[in-house]
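Remarks on the overall topology
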Amino acid sequence: MRVLITGAAGFLGSHLCDRFLAEGHQVVGMDNLLTGTTDNIAHLAGRDDFKFVKYDVTNYLYLEGPLDAILHFASPASPIDYLTYPIQTLKVGALGTHNTLGLAKEKNARFLLASTSEIYGDPLVHPQTEDYAGNVDTIGPRGVYDEAKRYAEAITMAYHRTHDIDTRIVRIFNTYGPRMRLDDGRVVPNFIGQALRDEPLTVYGDGSQTRSFCYCSDLIEGIYRLLMSDFNDPVNIGNPSEMSILEFAQLVNMLTDNPGGIVYKQDLRIKGDPQTRQPNIERARNLLSWEPTVDLTTGLHRTIQYFKDRV
Ligand code: UDP
């Protein structure tokens, strides 16, 4: 296959490039480098099965040659990033998804949208099943990301139903691993960065809010299987093992022998911060025979190792 991956210089986009290349496919990676970095794909430079195009997919998009699949992963994805770039976030979810779907139609390519657990907002159903419609505050701080992704899902299904495009939607839950940006503001790089500097970990609010962390290689496996399946409705991919942010902080401190402890901090993002989050992955289990295999301690060890060289 020849595949286009948007957001190729980002955390997940770059891992996807690696995976498709390892399977013997040709990859065109596209990124405008707003929040991604070519460091993540530097190891692919010079390969004749990989091509990088610096481009902003919110503009009219065309690519020479055949395409078998498009994976649309371009978007600021951490709360700090989408608060810094609210309009770009809305544009890449709306215009960027429209343009990449248009290209999929032109090329008769399969299309996979990177959606998110954020479409469930601050969920009133727990764990979240794919048929839960969500509880999103349109004008809250997270609204720019949540609504962009909700629109992206809607237009993806519209292209599927109207133009018969072969589409997939993956709803990604909190994922972590090497190539996250140390300063992206998310809890994993924040805590590991602080721990490696012997600083206290900044727990926002009282730390009782929960998340369920999935290691990146598990997520990439789920996405690959989803693309190869024939299922058009959204599929949750994430690790259901849920914990409070306070427990997560204690685990990071233990794994790093951090003498710094914990401080509680009020943060702008507490407004609208989902109180619970856990994927129901029955659909992925049944359809894709997929489930996560990397436990949190193993995944964190690898991630800590990666950040050690960067702190
Ligand atoms: N969080 C925290 N301290 C930090 C960064 C984040 O307590 O330094 C909390 C944040 O309030 C949220 C959770 O960790 O409840 C996960 O935040 P993240 O930004 O990683 O992603 P989210 O799941 O909220 O999109």
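You'll find the structure just up there.
These notes cover the structure that comes with them. Quantities reported herein were computed from a predicted structural model and do not represent experimental measurements. Along every chain, residues carry numbers that run from 1 in the direction the sequence is written. Reporting of local features is limited, given that this is a predicted model, to residues whose pLDDT is at least 70; pairs of side-chain atoms are given and counted only at 80 or more, and all residues count toward the totals for whole chains, interfaces and linings. Hydrogens and waters are ignored; side-chain quantities use all the structure's heavy atoms.

Note on soluble globular proteins: their nonpolar side chains tend to be buried together. F73, F248 and L300 are the most contacted members of the largest nonpolar core, which has 59 residues in total. Ranked by residues supplied to this core, first place goes to helix α6 (residues 216–228) with 7 residues. Contact criterion: two residues are considered in contact whenever any of their non-hydrogen atoms come within 4.5 Å of each other. When residues no more than four places from it in sequence are discounted, the contact partners of L300 are Y176, I192, F248, L251, V252 and L255. For this analysis, a nonpolar core means a set of buried residues of the types Ala, Val, Leu, Ile, Met, Phe, Trp, Tyr and Cys, connected via side-chain atoms within 4.5 Å. Here the term buried applies to any residue with accessible area under 20% of the maximum for its type, exposed to any over 50%, and partly exposed to those in between, with areas from a 1.4 Å probe on protein chains only. Membership of the second largest hydrophobic core comes to 22 residues, among which are M30, V57, L103 and I169. A run of H or I in DSSP counts as a helix once it spans at least four residues, and a run of E counts as a strand once it spans at least two, with each numbered from the N terminus.

Before going further, it helps to spend a moment on the site of the ligand. Proximity is defined per residue: any heavy atom of the residue falling within 4 Å of a molecule or strand makes that residue near it. Lining the immediate surroundings of the ligand are 18 residues, of which R142, T202, R211, D273 and R277 lie closest. The contact in question runs from an oxygen atom of the ligand to an N or O atom on the backbone of V187, over 2.8 Å. Between N190 and the ligand, the recorded distance is 2.8 Å, taken from a side-chain N or O atom to an oxygen atom. Method for areas: the Shrake-Rupley scheme with a 1.4 Å probe, in which residue coverage is limited to the protein chains shown. When the ligand is considered free in solution it has 520 Å² of accessible area, and contact with the protein chains removes 97% of it. Secondary-structure elements contributing two or more residues to the shell around the ligand are α5 (187–196) and β8 (201–204). The term polar contact refers here to a pair of N or O atoms within 3.5 Å; inside protein, the definition further demands a hydrogen-donor-capable atom paired with an acceptor-capable atom, and it admits residues adjacent in sequence only when both atoms are side-chain atoms.

Moving on, we get to the packing of aromatic side chains. By convention here, two paired aromatic rings are described through the distance between centres and the angle between planes. Ring pairs shown here join Phe, Tyr and Trp side chains whose ring centres sit within 6.5 Å, with only the six-membered ring taken for Trp; geometry is labelled stacked below 30 degrees between planes, edge-to-face above 60, and tilted in between. Enumeration according to the criterion identifies 9 aromatic pairs in this entry. Pairing Y306 with F307 gives two aromatic rings, centres 5.4 Å apart and planes at 70 degrees, and the pair type is edge-to-face. The class for F307 is buried, based on a relative accessible area of 0%. An aromatic cluster is built from Y176, F191, F213, Y215 and F248, whose rings are joined through pairwise contacts. The rule is short: NZ of Lys or CZ of Arg within 6 Å of the ring centre and within 35 degrees of the ring normal puts a charge over the ring. In this arrangement the basic side chain of R19 is found over the ring face of Y224, its NZ or CZ atom lying 4.5 Å from the centre. The ring of Y306 is capped by R310, whose NZ or CZ atom sits 3.7 Å from the centre of that ring.

Quick look at unusual backbone geometry now. Cis geometry marks the peptide bond from H126 to P127, where omega comes out at -10 degrees. Tracing the backbone through its elements, the reader meets P127 in the loop between β5 (110–116) and α4 (143–163). Backbone geometry at D257 places phi at a positive 50 degrees, although glycine is not the residue there. Relative to the helices and strands, D257 is located in the loop between α7 (245–256) and β13 (262–265). Using a relative accessible area of 67% as the deciding quantity, one classes D257 as exposed. A positive phi angle, close to 50 degrees, is found at S289, a residue other than glycine. In this structure, S289 sits in the loop between α8 (282–288) and α9 (296–308). For S289, a relative accessible area of 57% puts it in the exposed group.

So, on to the packing of helix α3 (residues 86–107) against α4. Fitted lines through C-alpha atoms give the axes, limited to the stretch in contact for helices. The angle between two N-to-C directions lies from 0 to 180 degrees. In the contact formed by α3 and α4, the axes pass within 8 Å of each other and the chain directions differ by 15 degrees. By the angle between their axes, α3 is roughly parallel relative to α4. Considering the relative orientation of α3 and α4, their crossing is right-handed. Packed against α3, whose contacting residues are P86, T89, L90, G93, A94, T97, H98, L101, G102 and K105, the element α4 presents V144, Y145, A148, Y151, A152, I155, T156, Y159 and H163 at the interface. The cut-offs work like this: below 35 degrees is roughly parallel, past 145 is roughly antiparallel, 65 to 115 is roughly perpendicular, and the gaps in between are oblique. Crossing handedness is defined as follows: a turn of the near helix away from the far one that is anticlockwise and smaller than a right angle gives a left-handed crossing, while the clockwise case is right-handed.

Our focus in this paragraph is α9. Because an α-helix packs 3.6 residues into every turn, residues spaced three or four apart end up facing the same way. Here the expected length of a helix is defined as 1.5 Å per residue gap, with one fewer gap than residues. Taking 1.5 Å as the rise per residue, α9 with 13 residues should run 18 Å; its terminal C-alpha atoms sit 18 Å apart, in good agreement. On the buried face of α9, the contacting elements are β7 (175–176), α5, β10 (214–215), β12 (242–244) and α7. The N-cap residue of α9 is D295: its side-chain oxygen and the backbone nitrogen of T297 are 3.1 Å apart.

Contact geometry of α5 with α7 gives a least axis separation of 10 Å together with a crossing angle of 40 degrees. Classed by the angle they form, the pair α5 and α7 counts as oblique. Seen from above, α5 lies across α7 with right-handed handedness. Residues V187, V188, F191, I192, A195 and L196 of α5 form the contact with α7, whose own contacting residues are I245, F248, A249, V252, N253 and T256. Gly is put with the polar residues, along with every residue not named as nonpolar or charged; the nonpolar set is Ala, Val, Leu, Ile, Met, Phe, Trp, Tyr, Cys and Pro, and the charged set is Asp, Glu, Lys and Arg. For the contact of α5 with α7, a count of residues per class yields 10 nonpolar, 2 polar and no charged.

Keep in mind these values describe shape, not function.
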